[in-house]
Amino acid sequence: MRRRQQPILALTTYVLRRRVAVPTASILFISTFTTILLIPQNTTSISLFLVLPVFLLAASSGIRGGIIGAVIVLLFLTLHSLLTSQVADSTSHITTTAASIAFGLLLGAYSEQERTHRVHAREKNAALSQLNIEIALAHKESKTAFEQFTNILTPPSRTLNHPWQALYYYRPAQKLIQLGGDFLDYSEDKQHNLHFILGDVTGHGPNAAALGASLRVAWCSLSETETDLNGLLQRLQTVFTTHRRDNVSLMATVCVGRILTNGTTEVACAGHEPPLLITDGRAVLTHMVVGPALGLLEDTTWPVNKLPLPDGTWLVSFTDGLSDARIAPGSPERLNITHLSPLLAEAFQAKHIDLHRLVEKVEQGNGEPLADDVALLALRRRRHPRSPNARTGSVIH
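The present account deals with the structure reproduced in this document. (Residues numbered from 1 in each chain as written. Predicted model: local features only at pLDDT ≥ 70, side-chain atom pairs only at ≥ 80, totals over all residues. Heavy atoms only, no water.)

**So, the state of the cysteines**
Cut-off, in case you're wondering: Cysteine sulfur atoms that come within 2.5 Å of each other are treated as a disulfide pair. Any residue under 20% of the maximum accessible area for its type is buried, any over 50% is exposed, and the rest in between are partly exposed; the area is computed with a 1.4 Å probe on protein chains only.
Per the counting criterion, the structure on display carries zero disulfides. Cysteine 255 takes part in no disulfide bond, and the closest cysteine sulfur to it belongs to cysteine 269, at a distance of 3.7 Å. When its relative accessible area of 0% is taken as the criterion, cysteine 255 is described as buried. For cysteine 269, a relative accessible area of 0% translates into the label buried.

Here you go:
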């Protein structure tokens, strides 16, 4: 008996696990053929083999299949009794039929429950897959849009005529969306004078970045035509107050300047730290008169400071993302210009200036990533300019 049951149970387990769908016509054919072959055998053997169609039908059709399979068993057992005249086995037939019905219902319920769970799992997986695809696409599109928007805050790749050289570093504090309120740019006019701007809009995120981009774009269109730096800041303030609308708490600190071909430098600062002069490993403070930040006062003027820029001397301007870093992890004291100047002097004394390394060193002293945006712009006239037709590319960081 056990040897007959083992193949049946193995096939049943395979059918249930693999979810084999067996057509009803095939089951009827198999059942009929099996019954005819087993007529000479005893009733018990026939009953065991007739349970197999019930398994198959229940596994493929659920509860309804289990009931149909049990009815098939009953009909086959009845046919077997009529053909073999085994009336005495009616009790065994009834017992087998009842067991078939109960087992068929159990298998059918199990199969139907598994099918329902399988359908729900497929639907859930499909929904999750679709959601993941949409999230990935949205993240990719957002990242692309933010990168494009961030590019508006920094200058495009340019090549400067001799003897100018420009270096800059830009990194927003919010790495996730790559947007910040700092901006910078520089350009060379037809007379080979060098113009520059560096600024910081209060706050972070899209609003600050949008205002910074507006100021930079406005500066690009005004820097060469507006020769007076005070007048330039007046017009930039108009742009700023127009675009900030009702958010009067927003302000912008800006440093604008122009370096003439003879080294004469003009700088006007609106609430911004004056630039440093760095040469031969020394950083020199430029004592300039600083006006109010943009958006702070309606009617105001900004003093224009003049100073010479010797050949080989760097004019370095930066936002407070660097100077507000701590001098040591956990320390309440900030770098400020006093402690930052030696770090800048050391960085610009190197044969190959690495502004990334400079910022990393500031972060190491800070003990954690810098909390604010970082923008740094360095300009200089080379000591030994090349031939008039030579060009020196600005190093972009």
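Alright, that's what it looks like, and here's the rest.
**Points about the packing of helix H5 (residues 206-222) against helix H6 (residues 229-244)**
Test applied: Note on method: axes are straight lines fitted to C-alpha atoms, helices fitted across the in-contact stretch only, with angles between N-to-C directions ranging 0 to 180 degrees. Put simply, DSSP H or I for four residues or longer makes a helix, DSSP E for two residues or longer makes a strand, and each gets a number counted from the N terminus. By convention, the crossing between two helices is left-handed when the near helix turns anticlockwise from the far helix through less than a right angle, and right-handed when the turn is clockwise. Whether two residues touch is decided by their heavy atoms; if any such pair falls within 4.5 Å, the residues are in contact. Gly falls in the polar group here, along with every residue not listed as nonpolar (Ala, Val, Leu, Ile, Met, Phe, Trp, Tyr, Cys, Pro) or charged (Asp, Glu, Lys, Arg).
Viewed as axis vectors pointing N to C, H5 and H6 meet at an angle of 145°, and their least axial separation amounts to 10 Å. Where H5 crosses over H6, the handedness of that crossing is right-handed. Every residue of H6 that contacts H5 at Leu211, Ser214, Leu215, Ala218, Trp219 and Leu222 is listed here: Leu232, Arg235, Leu236, Val239, Phe240, His243 and Arg244. Looking at side-chain class alone, the contact of H5 with H6 contains nine nonpolar, two polar and two charged residues.

**Some thoughts on the nonpolar core**
For soluble globular proteins, nonpolar side chains are generally found buried alongside one another. Convention followed: As used here, the term nonpolar core means buried Ala, Val, Leu, Ile, Met, Phe, Trp, Tyr and Cys residues forming a set that is joined through side-chain atoms within 4.5 Å.
By size, the foremost hydrophobic cluster in this structure holds 49 residues, and its most contacted members are Phe196, Leu236, Val254, Val256 and Leu294. Considering each element in turn, this core owes the most residues, eight residues, to H5. Discounting chain neighbours no more than four positions away, the residues touching valine 256 are Phe196, Ile197, Trp219, Leu229, Leu232, Leu233, Leu236, Glu266, Val267 and Ala268. Core analysis: the second largest hydrophobic core is formed by 25 residues, Leu340, Phe348, Ile353 and Val362 among them.

**Details of the environment of threonine 238**
Inspection of the secondary structure assignment puts threonine 238 in helix H6. Given a relative accessible area of 47%, threonine 238 falls into the partly exposed group. Spatially, the C-alpha atom of threonine 238 lies 9.2 Å from that of glutamate 298, the residues being 60 residues apart in sequence.

**Quick word on the sheet that holds strand E6 (residues 264-270)**
Our working rule: Strands are labelled as partners when DSSP assigns at least two bridges between them.
Spatially, the five strands line up as an open sheet ordered E3-E4-E5-E6-E9, and their pairing is antiparallel. The outermost strands of the open sheet, each flanked by one partner alone, are strand E3 (182-188) and strand E9 (305-308). Neighbouring strand axes in the sheet, compared pairwise and without regard to direction, differ in orientation by 15° on average. Sheet topology places strand E5 (residues 252-259) next to E6; five bridges connect them, and they run antiparallel.

**A word on the packing of aromatic side chains**
Rule in force here: Between 30 and 60 degrees the pair is tilted, below 30 it is stacked and above 60 it is edge-to-face, where a pair is any two Phe, Tyr or Trp rings, Trp via its six-membered ring, whose centres lie within 6.5 Å.
Here the structure, examined in full by the defined rule, presents one aromatic pair. For the pair tryptophan 314 and phenylalanine 348, a centre-to-centre distance of 5.3 Å together with 55° between the ring planes defines the contact as tilted. Of the two residues, tryptophan 314 sits in strand E10 (residues 314-318) while phenylalanine 348 sits in helix H8 (residues 336-349), which places them 34 residues apart along the sequence. For tryptophan 314, a relative accessible area of 2% gives the class buried. Its relative accessible area of 7% is what places phenylalanine 348 among the buried residues.

**A word on helix H9 (residues 355-366)**
Selection criterion: To estimate how far a helix should extend, the number of its residues minus one is multiplied by 1.5 Å. Taking the helix axis as origin, the arc is that swept by the directions to the C-beta atoms. Think of a polar contact as two N or O atoms within 3.5 Å of one another; within protein, one of them needs to be a possible hydrogen donor and the other a possible acceptor, and neighboring residues in sequence only count if both atoms come from side chains.
Between the first and last C-alpha of H9 there are 17 Å, a value that for twelve residues agrees with the 16 Å anticipated at 1.5 Å per step. Within H9, the full set of buried residues consists of Leu355, Leu358, Val359, Val362, Glu363, Gly365 and Asn366. One side of H9 carries all its buried residues, which in axial view fall inside an arc of 160°. Two to three positions downstream of the cap, the backbone nitrogen of histidine 356 sits 3.1 Å from a side-chain oxygen, assigning the N-cap of H9 to aspartate 354. Looking one or two places after H9, you find glycine 367, whose phi comes out positive at around 90°.

**A look at the environment of glycine 295**
Positionally, glycine 295 belongs in the loop between strand E8 (282-285) and E9. Apart from residues no more than four positions distant in its own chain, glycine 295 is found in contact with Gln237, Phe240, Thr241, Arg244 and Met251.

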